[in-house]
Amino acid sequence: MLAFGAYLTWPDAVLCGPTAAAFYGAPLIPVDAHVITRRQPKAVRGLVPHGFEVAPWELESWRGIQMTSPSRSLLDALVMLPQPSAQSLFVWSITRDRLSICDLEVHLEHYPGRWGNNRLRKFLADARQGIMSPAEALLHEILRRQGFTGWRADATLRRGDKIVARVDVLFPVERVVIEVDGRRYHGEDRFQADR
């Protein structure tokens with residue numbers, strides 16, 4: 001309904017951010033329709049315009065409604081949402097392979113001075129280190145400080161070709177897994193699957 005409302009109000013608008021991310025299945029319940037417009041109209045009830053730049057390869061269409069691609073929608077949502085919600089969405093996106101380190105790198109390179117890039121750079125640094133939450137950052141610091149070696153952060157466990165879990169810390173030689181986060185960061189489905 002938000003997508004059609006935005007389209008009927010501003011036919012040239014591109015659905016973006018949390019609204020488009022929710023359309024693609026992100027665990028968000030948008031209240032307003034976030035859109036990118038060329039002419040920058042004032043916000044009206046239920047519609048929030050943005051003047052973001054968007055490249056042609058970042059656009060998709062559904063039933064005549066233009067929207068940003070899944071990865072671009074998630075990246076925009078990460079900078080639009082309040083920090084706690086953005087952190088949860090980041091973890092959801094990375095652990096479900098909806099966003100990758102490469103997606104973050106390409107976006108930051110293509111839009112070097114864009115609003116919200118500081119937050120995306122922090123998420124990129126965390127993703128490179130396998131840090132998905134403040135608790136994981138603390139765990140990594142403790143392991144390093146105590147001299148533990150041979151562990152991998154945010155590791156994927158496989159049985160043959162099948163992924164069976166993504167774990168916070170893995171000691172592969174010892175076959176030991178440490179899970180520090182609970183349902184809040186992993187989500188109920190991932191939390192239970194990892195268990």
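In this text the structure is predicted, and so the values were computed from the model without any measurement.

Parameters and conventions
Residues numbered from 1 in each chain as written. Predicted model: local features only at pLDDT ≥ 70, side-chain atom pairs only at ≥ 80, totals over all residues. Heavy atoms only, no water. Axes fitted to C-alpha atoms, helices over the stretch in contact; angles between N-to-C directions. Helix = DSSP H or I, 4+ residues; strand = E, 2+ residues; numbered from the N terminus. Parallel < 35°, antiparallel > 145°, perpendicular 65-115°, else oblique. Contact = heavy atoms within 4.5 Å. Nonpolar A, V, L, I, M, F, W, Y, C, P; charged D, E, K, R; others polar. Phe/Tyr/Trp six-rings, centres within 6.5 Å; stacked < 30°, edge-to-face > 60°. Buried < 20%, exposed > 50% of the residue type's maximum accessible area, 1.4 Å probe, protein only. Lys NZ or Arg CZ within 6 Å of the ring centre and 35° of its normal. Left-handed = near helix turned anticlockwise from the far one by under 90°. Pairing = 2+ DSSP bridges.

Quick look at the packing of helix α3 (residues 70-80) against helix α5 (residues 101-110) now. When two helices pack together, their arrangement is given by the angle between their axes and by how far apart the axes lie. Remark: α3 packs on α5, axes separated minimally by 11 Å, with the N-to-C direction vectors making an angle of 75°. On the basis of the axis angle, α3 is roughly perpendicular to α5. Between α3 and α5, the contacting residues are Ser 71, Arg 72 and Leu 75 on the first element and Asp 103, Leu 104 and His 107 on the second. Grouping the amino acids of the contact of α3 with α5 by side-chain chemistry returns 2 nonpolar, 2 polar and 2 charged.

Geometrically, a pair of aromatic rings is defined through the distance of the ring centres and the angle of the planes. Scanning the model with the defined rule gives 6 aromatic pairs in all. Judged by centre distance (5.7 Å) and plane angle (50°), the rings of Phe 4 and Trp 62 are tilted. Of this pair, Phe 4 sits in helix α1 (residues 2-9) while Trp 62 is found in strand β4 (residues 59-62), placing the two residues 58 residues apart along the sequence. Here Phe 4 falls in the partly exposed class, since its relative accessible area comes to 36%. For Trp 62, a relative accessible area of 29% corresponds to the partly exposed category. Taking 4.4 Å as the distance between ring centres and 15° as the angle between the ring planes, the aromatic pair formed by Phe 90 and Phe 123 counts as stacked. Taken together, the residues span a long stretch of sequence, with Phe 90 in helix α4 (residues 83-95) and Phe 123 in helix α6 (residues 117-129) at a distance of 33 residues. Among the aromatic residues, those joined into a ring-pair cluster are Phe 4, Phe 23, Tyr 24 and Trp 62. The positively charged end of Arg 72 is found above the aromatic ring belonging to Tyr 111, 5.1 Å away from the centroid.

With that settled, the discussion passes to the packing of α4 against α6. Running from amino to carboxyl end, α4 crosses α6 at an angle of 40°, the nearest separation of the two axes being 12 Å. Put simply, α4 runs oblique to α6. Crossing hand, α4 versus α6: right-handed. Of α6, the residues touching α4 (which contributes Gln 83, Ala 86, Gln 87 and Phe 90) are Arg 119, Phe 123 and Ala 127. Taken together, the residues of the contact of α4 with α6 break down into 4 nonpolar, 2 polar and 1 charged.

Attention now goes to the sheet that holds strand β8 (residues 176-178). If you walk across this open sheet you meet the 3 strands as β6-β7-β8, and the pairing is antiparallel. This sheet does not close on itself; its edge strands, each paired only once, are β6 (152-159) and β8. Across this sheet, the average inter-strand angle for adjacent strands is 55°, counted without regard to direction. Bridge count for β6 against strand β7 (residues 162-171) is 7 bridges, and the pairing is antiparallel. The residue of β7 that forms the bridge with Ala 155 is Val 167.

Function-wise, these values are silent; they only describe arrangement.
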